[in-house]
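Chain residues, written in single-letter form:
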Amino acid sequence: MKEHPDLNPRLVVTGAHLSPEFGETVTEIEQAGFAIEEKIECLLSSDTDVGMARTIGLATLSLADYLGRTRPDILLLIADRYEMLAPASAALALRIPMAHIEGGEISEGAIDDAVRNALTKLAHVHLTPTAAAAARVLAMGEERWRVHQVGAPSLDHIAQGNLPCDRELEEALGFLPNRRTCVAAMHPVTLQERTTIEAESFFRSLEGPERVVFCFPNADAGSRQLIATARNFCDNNRRADIFVNLSPRLYWGLLARAGVLVGNSSSGIMETPSLQLPTVNIGHRQHGRTRAANIIDVAADAGAIRNAIVTALDPEFRSSLTGLVNPYGDGSAGEKIAEVLAAAPGREILLHKKALPLGDTGFAHD
């Protein structure tokens, strides 16, 4: 978008990006050369669902002031984080058209699923990652001209081919990962009353001979409990490390050399197929997403997870993934998104959605 002659993107950074507790990743955005127009602090230092709800409220207040002052032609939102309800709500009241990236996906085990679908109905341009996702957006009653299949933007990192060399990665991590390295990425299951209910089995399954690299969880209710357990695991296991945040380059470099990703992260579903990296997907959080053949789905049972890790690390399974095609795209999403936004019609056309004719719903209607 920065390079497109017809676009003038302005970047607003909020939430965990501004939190020292979660790595203050706003510095990485700035180091990547992106100018930030507004920083909005809204993330409460809380480990509860009430904290999540209050974060939405705080963000909405500040974003309403910013959007009311700047009135952009279109607001670009991504995915399904609960914080995205704040800019969407403010933009709705201010009659600002919205474009939404990665609508039509499914993650039935998390509140993310409801957030994503809400954003789809609030949005006016839909930038979906897969053909199946585009079909779901259309099934929700959105007009065909508004829906575009562009792929997942996170894959653009690997398409750029700028991954770290062995020396850079070893200096950053303190070791060089190999095919016996297990990347662990476990997030709270936010649809459950006890959001860390699947974590005990997850940590027990990692008590094997492999080196384990923990990535920080999302800033959701229960995340701090997961962080504390992971740190305790590392304190008692010399072969385990935890990182608050890895830059996209370092994260992709780690995945490119690792043997398996274990957990319930969408990264395991959407990104690892591009590297033919085996993934053990645990529990219900990502249930319903489109999957490639590198995904091994297991229940949140320590024995089942352990067996799946052994299968994933088997060279024969790894070799079976040669030539695997990622259903989430080829790493050109950024260019496609820029073209769609540049060609979007004006505010009046975007804001006025038309209801589509009803099919045979099984209900009587006028």
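Analysis parameters
Residues numbered from 1 in each chain as written. Predicted model: local features only at pLDDT ≥ 70, side-chain atom pairs only at ≥ 80, totals over all residues. Heavy atoms only, no water. Phe/Tyr/Trp six-rings, centres within 6.5 Å; stacked < 30°, edge-to-face > 60°. Helix = DSSP H or I, 4+ residues; strand = E, 2+ residues; numbered from the N terminus. Buried < 20%, exposed > 50% of the residue type's maximum accessible area, 1.4 Å probe, protein only. Lys NZ or Arg CZ within 6 Å of the ring centre and 35° of its normal. Salt bridge = Lys/Arg side-chain N within 4 Å of Asp/Glu carboxyl O. 1 Å grid on protein atoms, 1.4 Å probe; cavity = no way out; pocket = protein on both sides within 12 Å on 5 of 7 lines; lining within 4 Å. Points joined across faces, edges and corners; volume = space filled by probe spheres on them. Nonpolar A, V, L, I, M, F, W, Y, C, P; charged D, E, K, R; others polar. Pairing = 2+ DSSP bridges. Axes fitted to C-alpha atoms, helices over the stretch in contact; angles between N-to-C directions. Contact = heavy atoms within 4.5 Å. Core = buried A, V, L, I, M, F, W, Y, C linked by side-chain atoms within 4.5 Å.

## Some words on the packing of aromatic side chains
Between two aromatic rings, the relevant description is the distance of the centres plus the angle of the planes.
Turning to step 1, where the next piece is worked out: One pass over the structure, following the stated rule, counts six aromatic pairs.
Turning to step 2, where the next piece is worked out: Aromatic pair F22 and F216: ring centres 6.0 Å apart, planes at 80°, arrangement edge-to-face. Placement of the pair is F22 in the loop between β1 (11-14) and α1 (26-31) and F216 in the loop between β8 (211-215) and α9 (223-235), with a sequence separation of 194 residues. F216 carries the same exposure label as F22, and that label is buried.
Turning to step 3, where the next piece is worked out: Residues F202 and F214 carry aromatic rings whose centres are separated by 6.4 Å and whose planes lie at 80° to one another, so their mutual orientation is edge-to-face. Of this pair, F202 sits in helix α8 (residues 199-205) while F214 is found in strand β8, placing the two residues 12 residues apart along the sequence. A single burial state applies to F202 and to F214, both of which are buried.
Turning to step 4, where the next piece is worked out: An aromatic cluster is built from F202, F203, F214 and F233, whose rings are joined through pairwise contacts.
Turning to step 5, where the next piece is worked out: One cation-aromatic arrangement involves R211 over F175; the distance from NZ or CZ to the ring centre is 3.9 Å.

## Looking at the pattern of salt bridges
Turning to step 1, where the next piece is worked out: Following the criterion strictly, the structure yields 22 salt bridges and no others.
Turning to step 2, where the next piece is worked out: With a closest N to O distance of 2.8 Å, R289 and E105 form a salt bridge. Taken together, the residues span a long stretch of sequence, with R289 in the loop between β11 (279-282) and β12 (295-298) and E105 in the loop between β4 (98-101) and α4 (112-122) at a distance of 184 residues. Of the two residues, R289 and E105, neither departs from the other in class, the shared state being buried.
Turning to step 3, where the next piece is worked out: Residue E171 pairs with R167 through a salt bridge whose shortest N-O separation is 3.3 Å. Separated by four residues within a single helix, E171 and R167 lie in helix α7 (residues 166-173), roughly one turn from each other. The pair E171 / R167 is uniform in exposure class, with both members exposed.

## Re empty space enclosed by the protein
Turning to step 1, where the next piece is worked out: For the structure shown, the criterion picks out two cavities of 30 Å³ or more.
Turning to step 2, where the next piece is worked out: Estimates place the volume of the largest cavity at around 70 Å³.
Turning to step 3, where the next piece is worked out: Forming the walls of the largest cavity are M186, F202, F203, F214, C215, P217, L226, I227, A230 and I242.
Turning to step 4, where the next piece is worked out: Taken together, the elements giving at least two residues each to the lining of the largest cavity come down to α8, β8 and α9.
Turning to step 5, where the next piece is worked out: Here the lining of the largest cavity gets three residues from one element, more than from any other, and that element is α9.
Turning to step 6, where the next piece is worked out: Looking at the lining of the largest cavity residue by residue, the class counts come to 10 nonpolar, no polar and no charged.
Turning to step 7, where the next piece is worked out: Estimated volume of the second largest cavity: approximately 50 Å³.
Turning to step 8, where the next piece is worked out: Among the elements that take part in the lining of the second largest cavity, helix α2 (residues 49-70) stands out by supplying three residues, more than any other.

## A short note on the layout of surface pockets
Turning to step 1, where the next piece is worked out: Considering only enclosed or pocket space, the second largest pocket measures out at about 220 Å³ in volume.
Turning to step 2, where the next piece is worked out: Taken together, 15 residues form the lining of the second largest pocket, with D49, M52, T190, T195 and A221 sitting closest to its centre.
Turning to step 3, where the next piece is worked out: With four residues, the top contributor of residues to the lining of the second largest pocket is α2.
Turning to step 4, where the next piece is worked out: Grouping the amino acids of the lining of the second largest pocket by side-chain chemistry returns eight nonpolar, four polar and three charged.

## Section: the sheet that holds strand β3 (residues 75-78)
Turning to step 1, where the next piece is worked out: Overall, parallel pairing links the four strands, which are arranged β3-β4-β5-β6 in an open sheet. Edge positions in the sheet fall to β3 and β6 (147-149), since each has one partner strand and no second. Between one strand axis and the next, the sheet turns by 20° as a mean value, whatever way the strands run.
Turning to step 2, where the next piece is worked out: Where β4 lies against strand β5 (residues 125-128), three bridges are found, and the strand directions are parallel. Paired with A99 across the strands is V125, a residue of β5.
Turning to step 3, where the next piece is worked out: Along the sheet, helix α3 (residues 85-93) contacts β3 and β4; its crossing angle with β3, the most-contacted strand, is approximately 150°.

## Quick word on the nonpolar core
Turning to step 1, where the next piece is worked out: Within the largest apolar cluster, 27 residues are counted, with the highest numbers of intra-cluster contacts made by F202, F203, L206, F214, V262, V280 and I282.
Turning to step 2, where the next piece is worked out: Looking at this core, the elements that each hand over two or more residues are β7 (181-185), α8, β8, α9, β10 (260-263), β11, β12 and α12 (302-312).
Turning to step 3, where the next piece is worked out: Leaving out residues up to four positions away in the same chain, V280 has contacts with V260, L261, V262, G263, I296, V298, I305, A308, I309 and A312.
Turning to step 4, where the next piece is worked out: Among the nonpolar cores identified, the runner-up in size contains 23 residues, and L173, L246, L254 and L277 belong to it.

Keep in mind these numbers describe shape, not what the thing actually does.
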